[in-house]
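# Structure at a glance
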Amino acid sequence: MMPWNWWDLVHPAPNNETMRIAQVAPLHESVPPKAYGGTERVVSYLTEELVRRGHRVTLFASGDSVTRAELAAICPKALRLNGSLDPLAHHVAQIEQVMRRRGDFDVIHWHTDYLHYPFSRLAGLSQLTTLHGRLDIPDLAPLYRLFPDMPLVSISQAQRAPLPWVRWMATVHHGLPRDLYTPRRRQGRYLAFLGRLSPEKRVERAIALARRAGMPIRIAAKIDEENKEYFEARVKPLLEQDHVEYVGEIGEAAKDGFLGQALALLFPIEWPEPFGLVMVESLACGTPVIAFRRGSVPEVIEDGVTGFIVETMEEALGALGRVRLLDRGRCRLAFEERFCVERMAGDYLALYERLAARGRGAAVAAAAGP
């Protein structure tokens, strides 16, 4: 694998006009998170790449975040770690801090869902919001009908399905730094499951699939407070089986070996996955993915090339019998071509420039008067 500085030499940062950009992150986890936290990790990768390209970036996040950008700390540390009883209070304070400094930025990029919409509209900001979660929640449609003017970015085309009529500016797939994971040519001897232990992630399905295939499975996963009952009743008894090893929640450093040394990543979801960052992490290691056809899966995995997309357990079992035929080098190449941080940052910069140009045009028109 080429070192990061080699990439900088061959593909120097674009010589665009320097922009002043605010990145507004959720406060539940630090940026980057200490362990699990997909949104905060993506915000971190984007922020650091924008700084590398010479832009002036301010990151509104928890105080234990680590960044080369200017850090505007909203709370001392991630809310998940400080025992906060009212997370909403901190997020309202965050909006106020962003609004007080709105004149400092050419564009404000929100990653905090819809809470800021009334304020952004009234202030007439040059801004956009990336929606990182599921949108098939019934409460959301009436809200978005009140804010059809909000400029939004989806993280997959599939994510848009419940709200096709809102103001989508673009779909920007997530991207990771090229040197974050080490591609491995040698095939592993176990199956991997990485993510949250929640009903929609269907770890029980992964355990059953590994058992039927006669293979060991290693599970690295986070248990949220709201899923503890599900874990105790449905998952914990399965972890006692001989072919199962539960390693708990792992941080960034441990993912490289965990994914890279696996034969395949199992992604047996039962929900409309907005993106599925773990699939891209696996491809970056050269490890193919066996995933159920839900949500964004067909946008990320090339069936028969970087993994297999299946509908049933029988199809998944058949895919396991063929997964050794896949080229791990092709998995890594797909990551480099489609899911690197340079591509993600470039996509967002194009949007920022459009928004900033509109803002400048509106300011000139207002100054000219009737």
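Summarised in this report is the structure supplied together with it. Since the model is a prediction, treat every value here as computed from it, not as a measurement.

Once that is clear, we can look at the overall build of the chain. When helices and strands are tallied, the chain shows 14 helices and 13 strands. Relative to the 2.2 N^0.38 estimate, which gives 21 Å for 370 residues, the radius of gyration of the chain is 21 Å and therefore close to what a compact globule would have. Taken over the C-alpha atoms alone, the chain extends approximately 75 × 50 × 40 Å along its principal axes. When each of the 370 residues of the chain is scored for burial, the buried share is 54%. In the chain, of all internal contacts separated by at least 6 residues, the share reaching a separation of at least 24 is 67%.

This next bit is on the sheet that holds strand 8 (residues 191–196). Think of a sheet as strands paired side by side through backbone hydrogen bonds, with each pair either parallel or antiparallel. Spatial ordering of the open sheet is given by 10-9-8-11-12-13, a layout of six strands whose pairing is parallel. Every other strand in the sheet has two partners, leaving strand 10 (244–246) and strand 13 (307–310) as the edge strands with one partner each. When the angles between neighbouring strand axes are averaged without regard to direction, this sheet yields 20 degrees. The strands touched by helix 10 (residues 277–284) are strand 8, strand 11 (264–267) and strand 12 (289–292); relative to strand 11, the strand with the most contacts, the crossing angle is about 170 degrees.

We describe a pair of aromatic rings using the distance from one ring centre to the other and the angle between the two ring planes. According to the stated counting rule, one finds seven aromatic pairs in the structure shown. Between the aromatic rings of Phe275 and Phe339, the centroid separation amounts to 6.2 Å while the plane-to-plane angle is 70 degrees, which identifies the pairing as edge-to-face. Residue Phe275 is located in the loop between strand 11 and helix 10, and its partner Phe339 is located in the loop between helix 13 (328–338) and helix 14 (341–368); the two are separated by 64 residues in the primary sequence. Like Phe339, Phe275 is buried. Joined through ring pairs, the aromatic side chains of Tyr117, Tyr144 and Phe147 make up one cluster. Directly above the aromatic system of Phe308 lies the positively charged group of Arg322, at a separation of 4.6 Å from the ring centroid.

In this model helix 4 (residues 87–100) runs 20 Å from its N-terminal to its C-terminal C-alpha over 14 residues, within 8% of the 20 Å that 1.5 Å per residue would give. Inspection of helix 4 places His91, Gln94, Ile95, Val98 and Met99 among the buried residues, and these make up the whole buried set. Projection of helix 4 onto a plane perpendicular to its axis shows the buried side chains occupying an angular sector of 135 degrees, all on one side. Where the residues of helix 4 are buried, they touch strand 1 (20–24), strand 2 (56–61), helix 3 (79–82), strand 4 (107–110) and helix 5 (117–123).

Moving on, we come to helix 13. The set of residues buried in helix 13 consists of Arg328, Gly329, Cys331, Arg332, Ala334 and Phe335. The elements touched by buried residues of helix 13 are helix 9 (252–260) and helix 10. One side-chain oxygen at the N-terminal end of helix 13 lies 2.8 Å from the backbone nitrogen of Gly329; it belongs to Asp327.

Moving on, we come to the sheet that holds strand 3 (residues 70–73). Across the sheet, which stays open at both edges, the seven strands sit in the order 3-2-1-4-5-6-7 with parallel pairing between neighbours. One side of each edge strand has no neighbouring strand; the edge strands of this open sheet are strand 3 and strand 7 (168–171). Sheet twist, expressed as the mean angle between neighbouring strand axes with direction ignored, is 20 degrees. Of the pairings in the sheet, the one linking strand 5 (residues 127–130) to strand 6 (residues 152–154) comprises two bridges and is parallel in character.

What follows deals with the pattern of salt bridges. Applying the stated rule across the entire model yields 34 salt bridges. What you see here is one network of salt bridges that share partners, running through Glu29, Arg80, Lys222, Asp224 and Glu249.

Of note, the amide linkage connecting Val31 to Pro32 takes the cis form, showing an omega dihedral of -5 degrees. Following the sequence through the fold, Pro32 ends up in the loop between strand 1 and helix 2 (38–52). Even without glycine at this site, Asp113 takes up a positive phi of about 65 degrees. Note that Asp113 resides in the loop between strand 4 and helix 5.

What follows deals with the packing of helix 7 (residues 203–213) against helix 12 (residues 313–322). Look at helix 7 against helix 12: their axes get within 10 Å of each other, and the N-to-C directions meet at 55 degrees. Between helix 7 and helix 12, the interaxial angle falls into the category oblique. For helix 7 against helix 12, the interelement crossing comes out right-handed. Side by side, helix 7 and helix 12 meet where Arg205, Ala208, Leu209, Arg212 and Ala213 of the first sit next to Met313, Glu314, Ala316, Leu317 and Leu320 of the second. Tallied by class, residues from the contact of helix 7 with helix 12 come to seven nonpolar, no polar and three charged.

Cut-offs used in this document
Each residue is numbered by its place in its chain's sequence as written, counting from 1. pLDDT decides what is reported in this predicted model: residues at 70 or higher carry local features, side-chain atom pairs at 80 or more are listed and counted, and totals for whole chains, interfaces and linings draw on all residues regardless. Side-chain measures here rest on the full set of heavy atoms in the structure, leaving out hydrogens and waters. Only DSSP runs of H or I with at least four residues qualify as helices, and only runs of E with at least two residues qualify as strands; both kinds are numbered from the N terminus onward. With C-alpha atoms as the basis for the radius of gyration, the globule rule is written as 2.2 Å multiplied by the number of residues raised to the power 0.38. Under the scheme applied here, a residue whose accessible area is under 20% of the maximum for its type counts as buried, over 50% as exposed, and between as partly exposed, the area being computed with a 1.4 Å probe on protein chains only. Note on contacts: a residue pair is in contact if any heavy atoms of the two residues lie within 4.5 Å. DSSP calls a pair of strands paired once it identifies at least 2 bridges connecting them. Lines fitted to C-alpha atoms define the axes, with helix axes restricted to the stretch in contact, and inter-axis angles between N-to-C directions lie between 0 and 180 degrees. Pairing of aromatic side chains requires ring centres within 6.5 Å, counting the rings of Phe and Tyr and the six-membered ring of Trp. Pairs whose planes differ by under 30 degrees are stacked, by over 60 edge-to-face, and all others tilted. Placement of a charge over a ring requires the Lys NZ or Arg CZ to be within 6 Å of the ring centre, with the centre-to-atom vector within 35 degrees of the ring normal. Given a helix with a known number of residues, its expected span is that number minus one, times 1.5 Å. Throughout, the arc means that of the directions going from the helix axis to the C-beta atoms. Pairs of N or O atoms are called polar contacts if they sit within 3.5 Å, as long as, within protein, a hydrogen donor faces a hydrogen acceptor (for residues adjacent in sequence, only side-chain-to-side-chain pairs). By convention in these notes, a salt bridge is any Lys or Arg side-chain nitrogen within 4 Å of a carboxyl oxygen on Asp or Glu. When describing relative orientation, an angle under 35 degrees is termed roughly parallel and one over 145 degrees roughly antiparallel, while 65 to 115 degrees is termed roughly perpendicular and anything else oblique. Each crossing gets its hand from how the near helix is turned against the far one by less than a right angle, where anticlockwise is left-handed and clockwise is right-handed. Ten residues, namely Ala, Val, Leu, Ile, Met, Phe, Trp, Tyr, Cys and Pro, are considered nonpolar, four, namely Asp, Glu, Lys and Arg, are considered charged, and the remaining ones, Gly among them, are considered polar.

The analysis is restricted to geometry; functional conclusions fall outside its scope.
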